[in-house]
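Each chain, written out:
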Amino acid sequence: MQKGRCLCGEIEFAVEGPPNDVINCHCNFCQRAAGSAYLVETLFGKAKFHLLKGSPKVYEHRSEGSAKRIQIHFCDRCGTKTHMLFERFPSSVGVFSGTYDDADWFEHAPGRALHFFLSTAPLGTVLPAGHEVYDAHYWQSEGIPAVPQVFETHELMTLELKAESRRRLGTSKS
Ligand SMILES: [Zn+2]
Ligand SMILES: [Zn+2]
């Protein structure tokens, strides 16, 4: 069991690991929700997530991409977001991974941690060597996996990389 909590300690949770997926997501939703350059999201089956203490408030957001609902759980005392549920992926829980007591408990290695939404990553974002980096997300469209890039050396996001990524997606949508 790995524990996590909000800033003030009102909300505590535990997960049974390892996560099914570790996603460094650079999409606009995750940037805004995390209030940061990107979100490190660890995904679990619902039965592996346990709320230990407190009752989070829920903000329901409609995804601009899929129009499906996302329920963001947060502490109404300190404002920390802890986890979210997805109408599109009903069996999954996504954890805001900055809330774990031990930041190092899950693996960030190539092959374990994916990078999503290169197309909207801020300039200067580090794209680590050996990791799968997707222009948007894992699915190009329903049921069709996208083809990731894997950089040989660590790269920094540039305007050129962003423009290429958006061109591959064929749109400017994020
Ligand atoms: Zn709190
Ligand atoms: Zn995202």
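This one's a predicted model, so the numbers in the text were calculated from it and none came from an experiment. (Residues numbered from 1 in each chain as written. Chains lettered and ligands numbered in written order. Predicted model: local features only at pLDDT ≥ 70, side-chain atom pairs only at ≥ 80, totals over all residues.)

*Asks:* Please set out the overall build of the protein residue by residue, giving values where relevant.
*Replies:* For the protein, the helix and strand inventory stands at two helices and 16 strands. Here the C-alpha radius of gyration of the protein, 16 Å, is about what a compact globule of 174 residues would show, namely 16 Å. C-alpha extents for the protein along the principal axes are approximately 45 × 35 × 30 Å. When contacts within the protein are restricted to residue pairs at least 6 apart in sequence, long-range pairs at least 24 apart make up 54% of them. (Helix = DSSP H or I, 4+ residues; strand = E, 2+ residues; numbered from the N terminus. Rg over C-alpha atoms; globule rule 2.2 N^0.38 Å. Contact = placed C-beta atoms within 7 Å.)

*Asks:* Provide a residue-level description of the domain arrangement of the protein, including the pertinent values.
*Replies:* A common measure of how large an interface is: the accessible area buried when the components associate. By the assigned domains, the protein splits into domain 1 (2–24 + 36–99) and domain 2 (115–169). Computed from C-alpha coordinates alone, the two centres of domain 1 and domain 2 are separated by 24 Å. On the side of domain 2, five residues touch domain 1, which itself brings four residues to the contact. Of the residues belonging to the side of domain 1 that touches domain 2, the class tally is three nonpolar, one polar and no charged. (Domains from an automatic or database assignment. Nonpolar A, V, L, I, M, F, W, Y, C, P; charged D, E, K, R; others polar.)

*Asks:* Kindly report on the pairing of strand β9 (residues 92–96), identifying the contributing residues and their values.
*Replies:* In terms of burial, β9 is largely enclosed, as four of its five residues are buried. In this structure, strand β4 (residues 39–45) lies alongside β9, joined through five bridges in antiparallel fashion. Residue pairing in the sheet places Glu41 in a bridge with Phe96 of β9. Alignment of strand β8 (residues 81–86) against β9, held across three bridges, turns out to be antiparallel. Bridging from a neighbouring strand, Met84 pairs with Gly94 of β9. (Buried ≥ 20, exposed ≤ 12 C-beta atoms within 10 Å, placed from the backbone. Pairing = 2+ DSSP bridges.)

*Asks:* Explain the nonpolar core to me, using residue names and the numbers behind them.
*Replies:* Of all hydrophobic cores here, the largest spans 27 residues; its most connected members are Cys25, Cys30, Leu39, Phe116 and Phe117. The set of elements that each furnish at least two residues to this core consists of β2 (12–15), β3 (21–25), α1 (28–34), β4 and β9. Broken down by element, the residue count for this core peaks at four residues, all from β4. Looking at which domains feed residues into this core, each of domain 1 (2–24 + 36–99) and domain 2 (115–169) supplies at least three. What Phe116 contacts, discounting residues up to four positions off in sequence, is Ile23, Cys25, His26, Cys27, Tyr134, Ala136 and His137. (Core = buried A, V, L, I, M, F, W, Y, C linked by C-beta atoms within 7 Å.)

*Asks:* Before we move on, could you go through the environment of Val15 and cite the residues and values that matter?
*Replies:* Within the secondary structure, Val15 sits in strand β2. Judged by local crowding, Val15 falls into the buried class, with 24 C-beta atoms found within 10 Å. Separated by 13 residues in sequence, Val15 and Gln2 have C-alpha atoms that sit 5.3 Å apart. Once you skip the residues sitting within four places of it in the chain, Val15 turns out to touch Gln2, Phe44, Lys48, Phe49 and Val95.

*Asks:* Kindly report on the sheet that holds strand β1 (residues 2–5), identifying the contributing residues and their values.
*Replies:* An order of β1-β2-β5 is seen for the three strands of this open sheet, with the pairing classed as antiparallel. With one partner strand each, in any of the chains shown, β1 and β5 (49–53) form the two edges of the open sheet. This sheet shows a mean twist of 25° between the axes of neighbouring strands, independent of strand direction. (Axes fitted to C-alpha atoms, helices over the stretch in contact; angles between N-to-C directions.)

*Asks:* Quick rundown of the UniProt feature "domain: CENP-V/GFA" (unreviewed entry) in the protein? Include the residues and the values.
*Replies:* Taking the numbering used here, the UniProt-annotated feature "domain: CENP-V/GFA" (unreviewed entry) corresponds to residues 2–107. Summarising residues 2–107: 7% helix, 45% strand, and an end-to-end C-alpha distance of 13 Å. (UniProt positions renumbered as here; feature names shortened; annotations may be inferred.)

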